[in-house]
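Coordinate analysis (summary)
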Amino acid sequence: MSTWKMVIRSGKELMQIQPLVQILQWLCMAGQSAAAAAVTWLTARLIGVLSGSSPAGAGWLLLFVEICGLLLFSELANSIFYYCMVCGDAAAARTLEQKLGKKAAALPLLVMEDEQVLNQLQRAKSSIEQGRFSELLLSVENLAAEGLKTLGLLAVLMAFHPALAAISMGSVLPRFVTRLLRGKEFYRLKRFQAPLERKREYLYGLFANPRAVREMRLYGTDGYLEKKLWAVRDERNRQVWEFRKKDVRSMTGCELICRGGYLGSILLTIWLAVEGQVDFGMAAAALGSFSAFQTSAGYFLVSLGRMPECVAFVSDYYSFMDLRETENGTEKFPADFDAITANQVCFSYPGAKAAALRSVTFSVRKNQTVAIVGENGSGKTTLARLLLGIYQPAGGEIRYGGQQLEQTDRNDFYGNVSVLLQDFVRYELSARENVGISRWEALEETAEIDELLERAGLADLAGSERREMVLGKEFGDRTLSGGQWQRLALARCMFRKGNILLLDEPTAALDPVAETEILNLFLELSRGKTAVIVSHRIGICRKVDRIIVMKDGQVAEMGNHETLLGMRGEYYRLYMAQRKWYAPEGRSSNGYEG
């Protein structure tokens, strides 16, 4: 997108956020610009009247009052302009951050797992946090304001003598060229540093993470991580310092040229006055105009030169905002579906050489409990994400009843789904909020929340006072064990009241005994619902209706526990490897081992 198209796009967005503030800023800017040229012209007339070199058509007192009035107006307009800018900056940052967050939430999860997209997001966040939108708007406003001032002062100098205008103009051009080149180089530097910034934020965040700090102390790794953090910081600062040194050298040269032009303008004015080509009033006003012109022209050219830099940073925001979102279907979710069907489903991760899923086909009847098992890397979590619509199949289709998932309205679909993931969130909030947040509009349904807490084995968190107790170490006094957090997450999943339940490796961090307790509780709470359990452990498989065994991205076997053991295939191999973890139920230890 070209520079001016980006300027127009960002200008429209800021105008939509605070239209009155933007209009007031532009009016103040235009008033200041007109006042600057008028003051210069009136000053020349006043000096001419006082020196007697110009006819006293207007009294000197009236000219003096007009000049004072214009200066007062200019200061007032300037104050209003910057007040509006401060108010507008805060409102713009809030709105842009909200839009960026909504965009990130609307992108496919697969896209958000791409490192390049994460770098884009980092640069987009930086463009907001560092005020790049405001800088671009200010550059455009300065460009217009200083452009009007420069033209007005240039017209005044041209009226005095064309040579005065020429020498003044030539002295400020190097600033523009330098700022243009340096601005582009600075953007390239910040783009190059985006991964470095993410790494620095990650390392810095470790020192504020209680779990990471605990491990640092146990292993004594804090010194090592500090060195890595300082190394990243020093490398970042070194790159910025190298840029700043070049920048200072360039701008020093520009200032020398500018001062030389100012000195030349003074000498030229004195020569013109001696030769009688300008009167005393014009000469005096011209001397004041040179400095004002160089300041205005300098700001104008610097703003013009900075625009490509600001546009480059702002374009990072829009390049992220223009990413393609997950396409949402329009069909209502069929709550009366008879089965979940996967038909020849294929999927590959970007850049991966091998497909994650190949021709996966199966069917799960409504209200059936199914376990999807397999070793790590077999494709079961990928399959779960496809069933939830988080990923889109590269081939084949997933249907709920007769309706294709891609054609279903996502909000309507997720309203019927309850999920418990392996990396579930431990909310540092009250027990009531931890459970009720999955259906936050019903947070006041305390009787239902208490019932779920009790059924989940967390009766000590139920009750009017205990359910309001803040959990965790960050803000509260009540800490929970890993198993208790797991039960709390399960209660949250059940409070959702989805007709479809999915657990994706929720007990991977627990020992087999605790795992069995959690999964048995899940089976109890999921009666009368369609439930899918994804796990690399098989302890729960005796109690589910159907088992889907994944291997190398394909369905290796399907059936129930007894049938699959009798087949002595992949499931039998997994069972034999894990049998020591689980007590046999109603069968001798050598029932199928022989």
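The structure displayed is predicted, hence computed values, not measured ones.

Parameters at a glance
- Residues numbered from 1 in each chain as written.
- Predicted model: local features only at pLDDT ≥ 70, side-chain atom pairs only at ≥ 80, totals over all residues.
- Heavy atoms only, no water.
- Helix = DSSP H or I, 4+ residues; strand = E, 2+ residues; numbered from the N terminus.
- Buried < 20%, exposed > 50% of the residue type's maximum accessible area, 1.4 Å probe, protein only.
- Contact = heavy atoms within 4.5 Å.
- Areas by Shrake-Rupley, 256 points an atom, 1.4 Å probe, with all protein chains shown as cover.
- Core = buried A, V, L, I, M, F, W, Y, C linked by side-chain atoms within 4.5 Å.
- Pairing = 2+ DSSP bridges.
- Axes fitted to C-alpha atoms, helices over the stretch in contact; angles between N-to-C directions.
- Expected span 1.5 Å × (residues − 1).
- Salt bridge = Lys/Arg side-chain N within 4 Å of Asp/Glu carboxyl O.

1. Points about the overall build of the protein chain
When helices and strands are tallied, the protein chain shows 18 helices and ten strands. Expressed as a percentage of the 594 residues in the protein chain, the buried residues total 45%. Within the protein chain, contacts between residues at least 6 apart in sequence are counted, and of these 75% link residues at least 24 apart. In the form shown here, the protein chain has an accessible surface area of approximately 29800 Å², with 57% of it arising from carbon and sulfur atoms.

2. Some remarks on the nonpolar core
With 46 residues, the main nonpolar core has L488 and Y571 as its most contacted residues. Look past the residues within four positions of Y571 in its chain and what remains in contact with it is V373, I538, C541, I547, V549, E557, H561, L564 and L565. F337, V360, L502 and V532 belong to the second largest nonpolar core, which has 31 residues in total.

3. A closer look at the sheet that holds strand β2 (residues 357-365)
Read across the open sheet, the four strands follow the order β2-β1-β4-β5; overall the sheet is antiparallel. The open sheet has two edge strands with one neighbour each: β2 and β5 (403-404). Summarising the sheet, strand β4 (residues 395-400) and β5 pair through two bridges and their orientation is antiparallel. When the bridges of β5 are listed, R399 appears paired with Q404. Against the sheet, helix α11 (residues 380-387) touches β1 (339-347), β2 and β4, its axis set at about 60° to β2.

4. Some words on helix α15 (residues 482-495)
Taking 1.5 Å of rise per residue, 14 residues should cover 20 Å, and α15 covers 20 Å from first to last C-alpha, within 8% of that figure. Those residues of α15 that sit buried are W485, Q486, R487, L488, A489, L490, A491, R492, C493, M494 and F495.

5. A word on the pattern of salt bridges
Taken as a whole, this structure holds 17 salt bridges when the rule is applied. Of the charged contacts, one joins R233 and D234 as a salt bridge, the two residues approaching to 2.9 Å between their closest N and O atoms. A salt bridge links R467 to D450; its shortest N-O distance comes to 2.6 Å. Taken together, the positions of R467 in the loop between α14 (446-455) and α15 and D450 in helix α14 put the pair 17 residues apart, joining distant regions of the chain. Here the two residues R467 and D450 agree in accessibility, since each one is buried. Put simply, E375, K551, E570 and R573 are held in one network by salt bridges that share partners.

6. Looking at the environment of L107
In this fold, L107 is placed in the loop between α3 (60-106) and α4 (109-112). What makes L107 buried here is its relative accessible area of 6%. Along the chain, L107 and T326 lie 219 residues apart, while their C-alpha atoms are 5.5 Å from each other. Excluding residues within four positions of it along the chain, L107 makes contact with M112, F320, L323, R324, E325 and T326.

7. Here we look at α11
By the criterion of burial, α11 is predominantly enclosed, with six of the eight residues buried. For α11, the set of buried residues is K380, T382, L383, A384, L386 and L387.

8. Comments concerning the sheet that holds strand β10 (residues 554-559)
The six strands are arranged β6-β7-β8-β3-β9-β10 in an open sheet whose pairing can be described as mixed. For this open sheet the edge positions go to β6 (417-421) and β10, each flanked by a neighbour on one side alone. Between one strand axis and the next, the sheet turns by 15° as a mean value, whatever way the strands run. With respect to the sheet, α15 is in contact with β6 and β7 (500-504), its orientation differing from that of β6 by roughly 165°.

Just distances and angles here, no functional claims.
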